[in-house]
Amino acid sequence: VTHVLPHFVTRQVFTGAGKVGSEAPGASAGEVTFQLSQRADFFEEEVGLETTLKRPIVNTRDEPHADPQKYRRLHVIVGDANLCEVATFLKVGTTAIVLAMIEDDFLADVDLSLRTPVAAIRAVSYDLSLSRPVELVDGRRMTAIEIQWEYFDRAKKYVEERGLGMLGDQVGAEVLRRWEQVLSTLETDPMALARQLDWVAKYRLVNGYRERHGLAWDDHRLAAMDLQY
């Protein structure tokens, strides 16, 4: 939980599918016109067994779909559904590397624990500038991209020492290359990732239509486009 929760909260910057408006209690269309993730509004707990009520960021359902003497299954309910292949590739690939580092105790000296993870998952999703920091338990303030860079830098060291057995050399090397490339581009020109990340593609599509037709963000036609995407 310590190590995978900050990853789940911050990986939205490349796994988010994009969403027009917000369905979180108290959030208005004026406050949240567009956000990175479809699912961020609906998480209420940090850790738990539920999936439909009090949804947790880290789900503890222990339901192996293979030989339980050989395999364990992490039930992940926090990710959006993606259409973009790069987003899907990074969603699964980066998480596989993070889990491998956790299993090998390679993150023992790294603590990126968030002070308020449920609030942070929404704050990250609502921040189209990708520049607003969230607070860590130790008092530091870091952006989602900065936290992802921490995971990436540690992943590079891990791979140099332990290899890419969790993904295979060819696929694992491509995950690392794409991870670095996407984080670098998110820092400089997020809109350049429209052919790689769903939230960027959806934002450009919806906002372009909105500007051409002079619509407000709470117009029902934009919500319909979101669903059709």
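A brief look at the structure comes next. Within every chain, residues take consecutive numbers counted from 1 along the sequence as written. Given that the model is predicted, a residue must reach a pLDDT of at least 70 before its local features are reported, and side-chain atom pairs must reach 80 or more before they are shown or counted; all residues, however, enter totals for whole chains, interfaces and linings. To obtain the side-chain values, all non-hydrogen atoms of the structure were included, while hydrogens and water were left out.

**Considerations on the overall build of the chain**
The line we're drawing: Numbering of helices and strands runs from the N terminus; a helix is a DSSP stretch of H or I covering at least four residues, while a strand is a stretch of E covering at least two. Here the globule rule reads 2.2 Å times residues to the power 0.38, and the radius of gyration is calculated from C-alpha atoms. Residue burial is assigned from relative accessible area. The probe radius is 1.4 Å, only protein chains are included, and a residue is buried under 20% of its type maximum, exposed over 50%, and partly exposed in between. Note on definitions: a residue-residue contact is assigned when non-hydrogen atoms from the two residues lie within 4.5 Å. Using a 1.4 Å probe, accessible areas were evaluated by the Shrake-Rupley method; residue-level cover was limited to the displayed protein chains. Here the positive residues are Lys and Arg and the negative ones are Asp and Glu; neither His nor the chain ends is included. In this description, the location of a charge corresponds to atom NZ of lysine, CZ of arginine, CG of aspartate or CD of glutamate.
Regarding its fold elements, the chain presents eight helices and six strands. Counting from the amino terminus, the chain carries its helices and strands in the arrangement α-α-β-β-β-β-α-α-β-β-α-α-α-α. For a compact globule of 229 residues, the expected C-alpha radius of gyration is about 17 Å, and the chain comes in at 18 Å, within 12% of that figure. Dimensions of the chain, computed from C-alpha atoms along their principal axes, come out at roughly 55 × 40 × 35 Å. Across the 229 residues of the chain, 48% fall into the buried class. A separation of at least 24 residues holds for 62% of the contacts in the chain among residues at least 6 apart in sequence. Carbon and sulfur atoms form 48% of the exposed surface of the chain, whose accessible area is close to 11,700 Å². Taken together, the 27 basic and 35 acidic charged side chains of the chain have centroids lying 4 Å from each other.

**So, the environment of Val110**
Looking at the element boundaries, Val110 is found in the loop between α3 (85-103) and α4 (117-126). For Val110, a relative accessible area of 17% puts it in the buried group. Residues Val110 and Ala27, 83 residues apart in the sequence, show an inter-C-alpha distance of 34 Å. Setting aside chain neighbours within four positions, we find Val110 in contact with His3 and Arg154.

**Observations regarding the pattern of salt bridges**
As a reminder, the rule being used: One speaks of a salt bridge when a side-chain nitrogen belonging to Lys or Arg is within 4 Å of a carboxyl oxygen belonging to Asp or Glu.
One pass over the structure, following the stated rule, counts twelve salt bridges. In this structure, Glu135 and Arg115 form a salt bridge, with 3.2 Å as the shortest nitrogen-oxygen distance. Of the two residues, Glu135 is situated in strand β5 (residues 134-135) and Arg115 in the loop between α3 and α4; the sequence distance between them amounts to 20 residues. Under the relative-accessibility criterion, Glu135 is labelled partly exposed at 32%. Close ionic contact of Arg132 with Asp127 constitutes a salt bridge, the shortest N to O distance being 3.6 Å. What makes Arg132 exposed here is its relative accessible area of 54%.

**A closer look at the environment of Thr143**
Among the structural elements, Thr143 can be located in the loop between β6 (141-142) and α5 (144-162). Along the sequence, Thr143 and Ser184 sit 41 residues apart, while their C-alpha atoms lie 14 Å from each other. Contacts of Thr143, omitting those with residues within four sequence positions, involve Leu130, Ser131, Arg132 and Pro133.

**What about a negative patch on the surface?**
What counts, and what does not: Exposure above 30% relative accessible area and the absence of a salt bridge qualify a residue for a patch, where like charges join within 9 Å and nonpolar side chains (Val, Leu, Ile, Met, Phe, Trp, Tyr) within 5 Å.
There is a patch of like negative charges on the surface, built from Glu146, Glu150, Asp153, Glu180 and Glu187. Only α5 and α6 (169-188) provide two or more residues apiece to the negative patch. Per element, the largest residue contribution to the negative patch is three residues, and it comes from α5. Mapped onto the secondary structure, Glu180 falls in helix α6. With a relative accessible area of 34%, Glu180 lands in the partly exposed category.

**Brief notes about the packing of α3 against α6**
In plain terms, the rule: Fitting a line to C-alpha atoms yields each axis, with helices limited to the stretch in contact; the angle taken between N-to-C directions then spans 0 to 180 degrees. Here is the rule for angles: anything less than 35 degrees is roughly parallel, anything more than 145 is roughly antiparallel, 65 through 115 is roughly perpendicular, and the remaining ranges are oblique. Each crossing gets its handedness from the near helix: less than a right angle anticlockwise from the far helix is left-handed, clockwise is right-handed.
Between α3 and α6, whose axes approach to 9 Å, the crossing angle comes to 110°. Taken together, the axes of α3 and α6 lie roughly perpendicular to each other. Considering the relative orientation of α3 and α6, their crossing is left-handed. Between α3 and α6, the contacting residues are Val86, Phe89, Leu90, Gly93, Thr94 and Ile97 on the first element and Val171, Glu174, Val175, Leu176, Arg178, Trp179 and Val182 on the second.

**Considering helix α8 (residues 220-228)**
Short version of the rule: Arc definition: directions from the helix axis to the C-beta atoms. What qualifies as a polar contact is a pair of N or O atoms within 3.5 Å, subject to a donor-acceptor requirement within protein and to the restriction that residues adjacent in sequence count only when both atoms come from side chains.
Within α8, burial applies to Leu222, Met225 and Asp226. Within α8, the buried residues cover an arc of 105° as seen down the axis, which keeps them to one side. Of the exposed residues in α8, the ones pointing more than 90 degrees away from its buried face are His220, Leu227 and Gln228. Of the surrounding elements, those touching the buried residues of α8 are β1 (19-20) and α7 (198-213). Between the side-chain oxygen at the start of α8 and the backbone nitrogen of Arg221 there is a gap of 2.8 Å, and the oxygen is on Asp219.

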